[in-house]
Amino acid sequence: MAIHLGPNQYGKAETRVVRVVRDGARHTLTDLNVSVSLAGDLAATHLTGDNSGVLTTDAQKNTVYAFAREHGIATPEEFALTLARHFAATQATVRRARVSVEAYAWERLGDHSFARRGQEVRTVSATVDAGGTGTETGGEWVVCGLRDLVVANTTDSEFWGYVKDPYTTLPETRDRILATAVDARWRHADPGPATDWEKSYAETRRLMLAAFTGTYSYSLQQTLYAMGRAALDGRPELAEVRLSLPNRHHFLVDLAPFGLDNPDEVYIAADRPYGLIEGSVLREGAPPAGPAWAETGAGLVT
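Residues numbered from 1 in each chain as written. Predicted model: local features only at pLDDT ≥ 70, side-chain atom pairs only at ≥ 80, totals over all residues. Heavy atoms only, no water.

Remarks on the pattern of salt bridges
Under the convention used in this document: Each reported salt bridge corresponds to a side-chain nitrogen of Lys or Arg within 4 Å of a carboxyl oxygen of Asp or Glu. Helix and strand assignments follow DSSP, with helices taken as H or I runs no shorter than four residues and strands as E runs no shorter than two, numbered in order from the N terminus. Any residue under 20% of the maximum accessible area for its type is buried, any over 50% is exposed, and the rest in between are partly exposed; the area is computed with a 1.4 Å probe on protein chains only.
The full count for this structure, using the stated rule, is 18 salt bridges. For R122, the salt bridge is made with E77, and the minimal N-O distance between the two is 2.9 Å. Of this pair, R122 sits in strand β4 (residues 114-129) while E77 sits in helix α3 (residues 76-90), and the two are 45 residues apart along the sequence. With a shortest N-O distance of 3.5 Å, D148 and R147 are connected by a salt bridge. On the basis of relative accessibility, which here comes to 32%, the residue D148 falls in the partly exposed class.

Right, dumping it as structure tokens:
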């Protein structure tokens, strides 16, 4: 039976870089977690230990820091693309470079004082294919997103009419709390230089939250589709949205043993087990995804 080396990649994961721009007394702080992944003609190092085509992961880390100084960090998307293009263009053995970025938000307290804002994280994955295959942009893909954005509607949500089998115990409800922690990714059709990354991110986030707020929901699946469709309807630069929505269940507490009623006021917030609703919403005729979704954390439907 023949044995051969399969797909492989390597890189430097989770390089934390904080950049402070000092514009007089008023400073700006950017806080990123950057991961690099390189793939290509790397069989020799696996099969014979020949490292002549390997760029050390330490050099990848140093490149992140050097580029933060030389090129600045205008947006997470531009920084990720700049790094991915560099690795794909300068390393002969690298066919595909992917740079993933987590951006942590800090709230301004003063000219040079900040507070970390919540648990929500902005995400970016930029992929550059040195072979120039894929989309009309010459083999570049950008997937933006966010995770751990916790939202809740305290009414306007029902769940009933579902399959009843011998193991079904969940009662139907015409009014419930609908809560989730949004994990969303959206793919740009053309990640060109004209893209306003900050506006695109802010508006996509706003549109999805507006859909969550404004949808009278009969299922979390219905809400998921409404959020994805709202993003695509409002942002023509997007080709596809993928969402992963855990159902943060809230169960009404039985207070009768204590002689108390409970008119939909006191709940148990259960953290597990939980329903996990995942799906994608696509624009018809959009450019193909190529390798855009691989290793981005979108991993729901492929």
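Observations regarding the nonpolar core
Inside soluble globular proteins, nonpolar side chains tend to come together where they are buried. Rules: By nonpolar core we mean a set of buried residues, namely Ala, Val, Leu, Ile, Met, Phe, Trp, Tyr and Cys, connected to one another through side-chain atoms within 4.5 Å. We call two residues in contact whenever any of their non-hydrogen atoms come within 4.5 Å of each other.
Ranked by internal contacts, the top residues of the largest apolar core, which has 53 residues, are V34, F79, V182, W186, M208 and L243. Looking at this core, the element that brings in the most residues is α3, giving seven residues. When neighbours within four sequence positions are excluded, M208 is seen to be in contact with L146, A184, W186, M227, A231, V241 and L243. Counting residues in hydrophobic clusters, the runner-up holds five residues, among them W141, V143, A289 and W293.

Thoughts on the side chain of E120
As a reminder, the rule being used: Two N or O atoms form a polar contact when they lie within 3.5 Å of each other; inside protein one atom must be a possible hydrogen donor and the other a possible acceptor, and for residues adjacent in sequence the pair counts only when both atoms belong to side chains.
Considering the arrangement of structural elements, one finds E120 in strand β4. Relative accessible area serves as the criterion here: at 19%, E120 is assigned to the buried category. A distance of 2.9 Å separates polar atoms of two side chains, one belonging to E120 and the other to R205. Each residue touching E120, except ones within four places of it in the same chain, is listed here: L146, R147, D148, L149, Y201 and R205.

Quick notes on the sheet that holds strand β5 (residues 140-153)
Keep this limit in mind: For two strands to count as paired, DSSP must find a minimum of two bridges between them. Lines fitted to C-alpha atoms define the axes here, with helix axes fitted over just the stretch in contact, and angles between the N-to-C directions of these axes take values from 0 to 180 degrees.
Taken in spatial order, the eight strands line up as β1-β2-β3-β4-β5-β6-β7-β10 in an open sheet, and their pairing is antiparallel. Strand pairing shows two members of the sheet lacking a second neighbour, β1 (15-23) and β10 (276-282), which therefore form its edges. The sheet shows a mean angle of 20 degrees between the axes of neighbouring strands, direction not considered. Relative to strand β3 (residues 94-108), strand β2 (residues 26-40) is paired through 10 bridges, and the arrangement is antiparallel.

Structural notes on the pairing of strand β7 (residues 238-246)
Two faces make up the sheet, and in a regular strand the side chains alternate between them. Burial analysis of β7 places nine of its nine residues in the buried class, which makes it a mostly covered element. Of the pairings in the sheet, the one linking strand β6 (residues 178-188) to β7 comprises six bridges and is antiparallel in character. Of the residues in β7, the one forming a bridge with R187 is E240.

Let's talk about a nonpolar patch on the surface
Stated precisely, the cut-off is as follows: Patch membership requires over 30% relative accessible area and the absence of a salt bridge. Like charges are linked within 9 Å, and nonpolar side chains (Val, Leu, Ile, Met, Phe, Trp, Tyr) within 5 Å. Method for areas: the Shrake-Rupley scheme with a 1.4 Å probe, in which residue coverage is limited to the protein chains shown.
A cluster of nonpolar side chains, W160, Y216 and Y218, forms an exposed patch at the surface whose accessible area comes to about 300 Å². With respect to the helices and strands, the residue Y218 is situated in the loop between α4 (197-214) and α5 (220-234). Residue Y218 is classed as partly exposed on the basis of its relative accessible area, which comes to 42%.

A word on the confidence of the model for the protein chain
Caution applies to low-pLDDT regions: their predicted coordinates should not be interpreted in detail. Heads up, the condition is: Confidence scores here are pLDDT values: one per residue, from the predictor, ranging 0 to 100.
Mean pLDDT over the protein chain: 94, with 95% of residues reaching 70 or higher. Across residues 132-138, where pLDDT falls below 50, the model places 13 contacts with residues more than four positions away in sequence or in other chains.

Quick notes on the side chain of S37
Along the chain, the position of S37 falls in strand β2. Looking at S37, its side chain comes within polar contact range of the side chain of Q9, at 3.2 Å.

What about the packing of helix α2 (residues 57-70) against α3?
Note the cut-off: When an angle is under 35 degrees it counts as roughly parallel; over 145 it counts as roughly antiparallel; between 65 and 115 it counts as roughly perpendicular; any other value is oblique. Handedness of each helix crossing follows the sense of rotation of the near helix against the far helix: counterclockwise by less than a right angle gives left-handed, clockwise gives right-handed. All residues other than Ala, Val, Leu, Ile, Met, Phe, Trp, Tyr, Cys, Pro, Asp, Glu, Lys and Arg, Gly among them, are scored as polar; the first ten of these are nonpolar and the last four charged.
In the contact formed by α2 and α3, the axes pass within 11 Å of each other and the chain directions differ by 130 degrees. Put simply, α2 runs oblique to α3. Judged by the sense of rotation from one axis to the other, the crossing of α2 with α3 is right-handed. Side by side, α2 and α3 meet where Q60, T63, V64, F67 and A68 of the first sit next to F79, T82, L83, H86 and F87 of the second. Residue composition of the contact of α2 with α3, by class: six nonpolar, four polar and no charged.

Looking at the environment of L55
Along the chain, the position of L55 falls in the loop between α1 (43-47) and α2. According to the relative accessible area criterion, L55 is buried, its value standing at 17%. Not counting residues within four places of it along the chain, the set of residues in contact with L55 comprises Y10, L38, Q60, F87 and Q91.

Observations concerning α3
Test applied: Multiplying 1.5 Å by the residue count of a helix minus one yields the expected span of that helix.
With 15 residues, α3 should cover 21 Å at 1.5 Å per step; its first-to-last C-alpha distance of 21 Å lies within 8% of that length. Among all positions in α3, only P76, E77, F79, A80, L81, L83, A84, F87 and A88 are buried. Those residues of α3 hidden inside the fold are in contact with β2, α2, β3, β4, β5 and α4.

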